[in-house]
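One-letter residues, chain by chain:
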Amino acid sequence: MRIELTNDQYIDVRDEIKGGDIFAVRKASKVPLGDDGRPSEMSFQGLEDDQLIALAHRVITGWSFQVPLPGSVQAAESVLSDLSGADLRKFRAGIKPLMDMVKSEEDLPDPKQPATNSLNS
């Protein structure tokens, strides 16, 4: 999938997610706790940014920039940090369907429904 940016720039991303994408986004979702067990600092927008960067690192497959593809989360953050605000918003909107798939719990069983046991059938 290609995300078009300004000035004929673009970023290509995979159009499907993998297990590692889910793990990476969850790993980026850590909240540091203080000695009392409560969050020592919290920025909801910062958490979303960390998740975006972690997913970007995993799903970017090509782009029009004259630098290598990001080989680390830090490299992805560096490149995304250099985008204009408008281009970052376009990238965030373009990758939103993938982020929604990563965060989706549709494939998880409903805890309110009794488990079916195929051995008793």
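Since we're looking at a predicted model, the values are computed, not measured.

Novice: Would you take a moment to explain the overall build of the protein for this structure?
Specialist: Assigned secondary structure in the protein consists of four helices and three strands. Out of the 121 residues belonging to the protein, those deemed buried represent 28%. The contacts in the protein between residues at least 6 apart in sequence include a share of 61% that link residues at least 24 apart.

Novice: Explain the layout of surface pockets here, please?
Specialist: Any space left empty among the atoms is revealed by the rolling of a water-sized probe across them. Empty space within the largest pocket amounts to approximately 160 Å³. Looking at the largest pocket, the residues that line it are Ala24, Ala28, Asp50, Ile53, Ala54, His57, Arg58, Val73, Gln74 and Glu77. Listed by contribution, the elements that provide at least two residues to the lining of the largest pocket are α2 (44-59) and α3 (73-81). The residue makeup of the lining of the largest pocket, split by class, is five nonpolar, two polar and three charged.

Novice: Can you walk me through the pattern of salt bridges in this structure?
Specialist: Between side chains of opposite charge, a pair can form as their charged atoms come close. Evaluation of the coordinates by the stated rule reveals five salt bridges. With its nearest N and O atoms 2.7 Å apart, the salt bridge here joins Arg2 to Asp12. Here Asp12 lies in strand β2 (residues 10-13) and Arg2 lies in strand β1 (residues 2-4), a separation of ten residues in the sequence. Lys96 is the partner of Asp100 in a salt bridge, and the nearest nitrogen-oxygen pair spans 2.8 Å. Here Asp100 and its partner Lys96 are both found in helix α4 (residues 85-103), four residues apart, which amounts to about one turn of the helix. Of the residues examined, Lys96 reaches a relative accessible area of 47% and is grouped as partly exposed. Among the charged side chains, a salt-bridge network with shared partners connects Arg14, Asp21 and Arg58.

Novice: I tried to follow the pairing of β2 on my own but got confused; where do I start?
Specialist: Where a strand is regular, its side chains alternate between the two sheet faces. Bridge count between β1 and β2: three bridges; the pairing is antiparallel. Each residue of the ladder has a partner; that of Arg2, found in β2, is Asp12. As judged from the three bridges shared by β2 and strand β3 (residues 60-63), these two strands associate in the antiparallel manner. Across the sheet, Asp12 pairs through a bridge with Gly62, a residue of β3.

Novice: Help me out: how do you make sense of the packing of aromatic side chains in this one?
Specialist: The description of an aromatic ring pair uses the distance of the two centres, along with the angle that the planes make with each other. Enumeration over the complete set of coordinates arrives at one aromatic pair. Pairing Trp63 with Phe65 gives two aromatic rings, centres 5.2 Å apart and planes at 65 degrees, and the pair type is edge-to-face. Here Trp63 falls in the buried class, since its relative accessible area comes to 10%. A cation sits over an aromatic face here: Arg2 above Tyr10, 3.5 Å from the ring centre.

Reading the values: the criteria
Residues numbered from 1 in each chain as written. Predicted model: local features only at pLDDT ≥ 70, side-chain atom pairs only at ≥ 80, totals over all residues. Heavy atoms only, no water. Helix = DSSP H or I, 4+ residues; strand = E, 2+ residues; numbered from the N terminus. Buried < 20%, exposed > 50% of the residue type's maximum accessible area, 1.4 Å probe, protein only. Contact = heavy atoms within 4.5 Å. 1 Å grid on protein atoms, 1.4 Å probe; cavity = no way out; pocket = protein on both sides within 12 Å on 5 of 7 lines; lining within 4 Å. Points joined across faces, edges and corners; volume = space filled by probe spheres on them. Nonpolar A, V, L, I, M, F, W, Y, C, P; charged D, E, K, R; others polar. Salt bridge = Lys/Arg side-chain N within 4 Å of Asp/Glu carboxyl O. Pairing = 2+ DSSP bridges. Phe/Tyr/Trp six-rings, centres within 6.5 Å; stacked < 30°, edge-to-face > 60°. Lys NZ or Arg CZ within 6 Å of the ring centre and 35° of its normal.

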